[in-house]
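# Coordinate analysis (summary)
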Amino acid sequence: MPARRAFDVAVIGVGGIGSGAVYWAAKRAGAGVLGLERFELGHERGASQDHSRIIRLSYHTPDYVRFAQDAYTAWSEIESDSGGQLVIRTGGLDLYPESAHDWTDAYSSSLDALGIGYEWLDAAETMRRYPQWRLTDDVRVMYQEATGIAAAARANAAHRRVATELGATIVGNQQVTSVTDVGGEYEIVTATGDTWRAERVIVTADAWTNEILASFDAHINLTVTQEQVAYYASENQSSVQPERFPVWIWMGTPSFYGLPAFGEAGAKIGWDAGGREVTGDTRTFEPDPAYTAALDGFMQRHLPEAFGPHIAVKTCLYTMTPDRDFVIDRIPGQERAVVGQGAAHAFKFAGVVGRSLVELVFDGTTVSDISPWTIHREVLTMADPPRSWFV
């Protein structure tokens, strides 16, 4: 256990966003940075591991598109500092069946607002360019060239490694049980009986966010679900390589998404917000057969050459606000404690969210505009909030 116990800033939760925060904090405060992780470092009990996540500019509001541009910049910086590629551009397909045609305006107008190019394709042209697909004539497709893969586990490790090289202390198996303001410093106690002190605190605990916020007499509405992804030993392996098979999202309800072979020898598919409600501690690691059947059915209908025997079926957690928007803000009543919550679509933003949290807790202002994601939204505290998980 490290001998040092007092720090300039402590990051509680060192998953995707927390790893980004530790990195950006270490660039500013070096050895004054502490990262505390509830489980072992690099664990798969949360939302931020596995091989790949989608990164894209196509989003439903200009605020998100602008923030996504900042995210690409943040990834470039850690790539430079770590000496490794973390973003692999494949291009991306947003596929809109007839039931989701009314979603297209939000995405196209948001890209138009920032002058970002895209191309509309009909089903026939999409299948000509990408013969892996089987589509009906009603499907409209947006192609956007910047979309790609964020190498999730590799990126988390890079953030933590560079932070450590800059002097940060990162400790696993440290479940925080209380955070107390003691005369201008926060005293942080963990389940192991260890005590740490920090002038500032960044909370990036995802499914366990409200456990930490309770120390500040704060709470936000969050729904945690257990989700799944599947990898397939694809029938035609060459057709699902990143240079031939763009990242894709099937828009509407239900919404599926997929990535080319990366980290495993076959294509990957997931279902956005398709799982049952759990907590961070009651979730299991057992795949739901009905969920798996839904993933398999989509692949068989629309991507038959990418289908095949399962290489792996993995579970993960989604932690969502009722409006599916982020929280990046000071904790109410605190000037030196901030919280970041990614609403289960933030891995692509991990670096810029981490940077913004560090700027906010040290400077009170941020380079990126985080005003849309205040903690003071009514939906975060109302008794029976409406849920809208459109992203």
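Residues numbered from 1 in each chain as written. Predicted model: local features only at pLDDT ≥ 70, side-chain atom pairs only at ≥ 80, totals over all residues. Heavy atoms only, no water.

The next point concerns the environment of Thr253. With respect to the helices, strands and loops of the structure, Thr253 is situated in the loop between strand 14 (247–250) and strand 15 (256–259). Residues Thr253 and Thr366, 113 residues apart in the sequence, show an inter-C-alpha distance of 35 Å. (Helix = DSSP H or I, 4+ residues; strand = E, 2+ residues; numbered from the N terminus.)

All right, on to the pairing of strand 18 (residues 310–320) then. Of all eleven residues making up strand 18, eight are buried, and the element is well covered by its neighbours. Looking at chain direction, strand 13 (residues 223–232) and strand 18 are connected through ten bridges and run antiparallel. The residue of strand 18 that forms the bridge with Glu227 is Cys316. (Buried < 20%, exposed > 50% of the residue type's maximum accessible area, 1.4 Å probe, protein only. Pairing = 2+ DSSP bridges.)

A few words now on the packing of helix 1 (residues 16–29) against helix 8 (residues 350–363). Two elements in contact, helix 1 and helix 8, have axes separated by 7 Å at closest approach and are oriented at 50°. Here helix 1 lies oblique to helix 8, going by the angle between them. Where helix 1 crosses over helix 8, the two elements pack in a sense that is right-handed. Of the residues in helix 8, those in contact with Gly16, Ile17, Gly20, Ala21, Trp24, Ala25, Arg28 and Ala29 of helix 1 are Ala350, Gly351, Val353, Gly354, Arg355, Leu357, Val358, Glu359, Phe362 and Asp363. Here the contact of helix 1 with helix 8 is composed, by residue class, of ten nonpolar, four polar and four charged. (Axes fitted to C-alpha atoms, helices over the stretch in contact; angles between N-to-C directions. Parallel < 35°, antiparallel > 145°, perpendicular 65-115°, else oblique. Left-handed = near helix turned anticlockwise from the far one by under 90°. Contact = heavy atoms within 4.5 Å. Nonpolar A, V, L, I, M, F, W, Y, C, P; charged D, E, K, R; others polar.)

What follows covers the pairing of strand 19 (residues 327–330). Taken together, the four bridges between strand 19 and strand 20 (residues 337–341) define a ladder with antiparallel strand orientation. Residue Ile328 lies in a different strand from strand 20, and its bridge partner there is Gly340. Following strand 19, the chain reverses through six residues before pairing antiparallel with strand 20; Gly333 in that reversal takes a positive phi of roughly 85°.

Bringing the sheet that holds strand 4 (residues 87–89) into the picture now. Strand order across the open sheet formed by three strands is 3-8-4, with antiparallel pairing between neighbours. Because the sheet does not close on itself, it has two edges, and the strands there are strand 3 (52–55) and strand 4. Averaged over all neighbouring strand pairs, the angle between strand axes comes to 30°, with direction disregarded. Where strand 4 and strand 8 (residues 148–151) come together, three bridges link them in antiparallel fashion. Paired with Val87 across the strands is Ala150, a residue of strand 8. Together, strand 3, strand 4 and strand 8 form the strand contacts of helix 2 (residues 62–82), whose direction differs from that of strand 4 by roughly 120°. Docked against the sheet, helix 5 (residues 152–165) engages strand 3 and strand 8, running at close to 45° with respect to strand 8.

Moving on, we get to the side chain of Ser58. By the element assignment, Ser58 lies in the loop between strand 3 and helix 2. In terms of polar contacts, Ser58 uses its side chain to reach the side chain of Asp94, at 3.0 Å. Those residues in contact with Ser58 that lie beyond four places of it in its chain are Asp94, Tyr107, Leu111 and Met142. (Polar contact = N/O pair within 3.5 Å; in protein donor to acceptor, adjacent residues only side chain to side chain.)

Our next topic: the nonpolar core. Of all hydrophobic cores here, the largest spans 74 residues; its most connected members are Phe67, Trp75, Ile202, Phe326 and Phe349. Sorting elements by how many residues they give to this core places helix 2 first, with nine residues. Leaving out residues up to four positions away in the same chain, Ile202 has contacts with Val9, Ala10, Val11, Ile12, Ala21, Val338, Leu357, Val358 and Val361. (Core = buried A, V, L, I, M, F, W, Y, C linked by side-chain atoms within 4.5 Å.)

Purely spatial values, then, with no claim about function.
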